[in-house]
Structures are given as structure tokens and as C-alpha cells.
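So you can see what is in the structure, the chains are spelled out below.
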Amino acid sequence: EKPKLYITRKVPEKILEPFQQDFTISMWKYEEEPVPREVLLKEISDAHGVLCMLSETMDQEIFNTGSSLQVVANLAVGYDNIDLHAAREAGVVVTNTPGVLTESTADLAFSLLLSTARRIVEANQYIKEDKWKQWSPYLLAGMDVHNKTIGIVGMGRIGEAIARRAQGFGMEILYHNRSRKVESEKQIGATYVDFDTLLNKADLVVSVVPATPQTNQMFNKEAFQKMKRSSIFINISRGSVVNENALVEALEMGEISAAGLDVFAEEPIRSDHPLLDKTNVICLPHIGSASTETRSSMLQLCLENISGVIHGTGPITEVK
Ligand code: GLV
Ligand code: GLV
């Protein structure tokens, strides 16, 4: 009997085709709705591999239930939805999707940065709401991005890809990271600074740090107070690195000037959340890596990881 592969969302059949002969593939039936917990538990009870998304909490109960489970492939580079300790105890390999999404995610970071600074969404709304009656010199005037100082918090692959883009905009590049990246400093002309210095000096602060106990709510009241009043805060990593009440307050008190957010403490964010009614805040529904090409590459990598573990050749991108 072929090993069972469970996929927690409907994905294109075309991508699955090469894997159909080796696996019995079972898949949740909707693309836009996550699998209910009880369905997931039932499916996992006899699955050998699971391809899951960040909408699934892969905890102790999941690993206890999946008695045949050998591998969990997360369709994301971040894996804070997975209890790695429980996976390890259960002898389950966990994989993620680094590399394939780096450039797309950096593109999104830069889109968010430019649209926040230049008030693109507001300007679009302005026309569509039929408010454009006159042209005037400071109409929807924003802040320049070129030649400004960018502060990148988290200098992994994505941070570096953002830095390369910033170079093209003639920006001064500051970064903060757990460890210094001497190679990056040379290649992209980035300067390592401590967190407070970065907050103090950057015109645009970009969060690319993974969610860990150490980064939890690192952007808190004190952090926002250290930022320039003219600064813009961008978050494309995880909502848990931000204290959202402090961010709302910083925006309302004018401690920072604007924010561009792709991620939130709770996703989907509640429709009455105070971050959603501010014209100087651009919010996106966690689409960092969402280009058609990259999503397909990520799915492909997940499937190869699962196949590698189950067929004994080993995973490609294991989370250790
Ligand atoms: C998305 O947020 C990811 O971690 O890939
Ligand atoms: C993700 O791949 C990162 O290291 O930033």
C-alpha cells in the first residue's frame, strides 16, 4: 500500500501529478478555508506525511494522533505554528521553505515600504472616491525613500534581499541581528548596530525577525518611542514580534508617522481592529511570498521534502 500524504488545503492538481504514483494523496477540499481541527486530526491519524500551512497549529495532540507520521512540511519559511519539541519527541521531521521565497518576499517588503512612504493606497482611494477635483502641490505628498536610512531587523536571507534592493535606492543600510553578518556587511554595505541605535537612526524600520521567545513583542512601547517621529515601521515577519497596542498608541500619539503591515498578532485580524481605520497604515493579509510562481515553488519544495523523508533520501530543507 502506498504511503498516505495529507494536504491541508486545496492546491493545483498539476503540482501533485508527479507525486500521485508514489502516494495516496488526500486533500482538504477548499482553497480559501482552513481545514477544521477535527478533520485534520482524523486525516492525520493514518497519514505518513502532511503538507500544512501556517493556519494549522501543529501541536502535541497532532503528533500524538499521527502515529504513522514521519514528516510535516510547512508551506512557509516561518514555523512558529509547529511545536518542534513535540515533533522531535515523536520522531517527525519538520521542513520549511527557505530560499524559494526570498526574492518575492523582499519584493513585497519593498512594495509595502514604497506604498506606505508615498501613500499609494490612500491616493488610489482618493481617486476612486471621486475626491480628485483639483491638483495641488502638496496633494498626498509623502516621504522619500531614496537616500534615506533603512534599518533592517533580522538579517537572514530575506533581510539581505531587502538590503540589495535598498542599495539600488541609494539608502544607508543599518541592520540588527542576533549575530553579525560580516559577509553581508561587505557585499551590501550594511552596518551592524545595536537595536536602540537602529531605532534611533532609521527612517524606515523593517522587521524581518522570526517569531521566537527572544523576539516576542520586541517592538514595544519603548521601541516605538525610540524611533524618529517621521519614521515608518514595516512588519513582514510575524505579528507576535509587535505589541499592537503600543503600535496603535505610537501612531495615535505621532511617535511614528506610518506603518505597513503584512502580519498581525491574530490572523485574520478582527475587522474592528484600530489598525484598520488609520489612513497612515497599510495592511495586507499576509501575502509576503504570494506570487503565483513562488507559491508553486514552495508547494513543489514541500512535496520533495515529504518524498525525500518517506523514500529515505532525506529532506532538502529540514528545520533543525
Ligand atoms: C510566511 O509568512 C512564511 O513564513 O513563509
Ligand atoms: C528567510 O529565509 C530568512 O532567513 O530571512
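Here is what the cut-offs are and how they apply
- Residues numbered from 1 in each chain as written.
- Chains lettered and ligands numbered in written order.
- Predicted model: local features only at pLDDT ≥ 70, side-chain atom pairs only at ≥ 80, totals over all residues.
- Helix = DSSP H or I, 4+ residues; strand = E, 2+ residues; numbered from the N terminus.
- Expected span 1.5 Å × (residues − 1).
- Buried ≥ 20, exposed ≤ 12 C-beta atoms within 10 Å, placed from the backbone.
- Contact = placed C-beta atoms within 7 Å.
- Arc of directions from axis to C-beta.

(A) View of helix 12 (residues 292-310). Compared with the 27 Å implied by 1.5 Å per residue over 19 residues, the 27 Å span of helix 12 between its first and last C-alpha is a close match. The set of residues buried in helix 12 consists of Thr-294, Arg-295, Met-298, Leu-299, Leu-301, Cys-302, Leu-303, Asn-305, Ile-306, Ser-307, Val-309 and Ile-310. In this fold, the buried residues of helix 12 make contact with strand 1 (4-7), helix 1 (13-16), strand 3 (49-52), strand 4 (71-74), strand 5 (93-95) and helix 5 (102-117).

(B) Quick peek at unusual backbone geometry. The omega torsion across Glu-267 and Pro-268 is -5°, close enough to zero to call that bond cis. With respect to the helices, strands and loops of the structure, Pro-268 is situated in the loop between strand 11 (258-261) and strand 12 (281-283). The phi dihedral of Asn-147 falls on the positive side, at around 65°, and the residue is not glycine. C-beta crowding within 10 Å serves as the criterion here: with 10 such atoms nearby, Asn-147 is assigned to the exposed category. The phi torsion at His-286 lies on the positive side, around 50°, for a residue other than glycine.

(C) Examining helix 2 (residues 37-44) more closely. If you check which residues of helix 2 are buried, you get Leu-40, Glu-43 and Ile-44. Viewed along the axis of helix 2, the buried residues span an arc of 95°, placing them on a single side of the element. Taken together, the buried residues of helix 2 touch strand 1, strand 2 (24-27), strand 3 and helix 3 (60-65).

(D) Broad picture of the environment of Asp-144. Within the secondary structure layout, Asp-144 lies in the loop between helix 6 (120-128) and strand 6 (149-153). Note: C-alpha distance between Asp-144 and Ser-230 (86 residues apart in sequence) is 11 Å.

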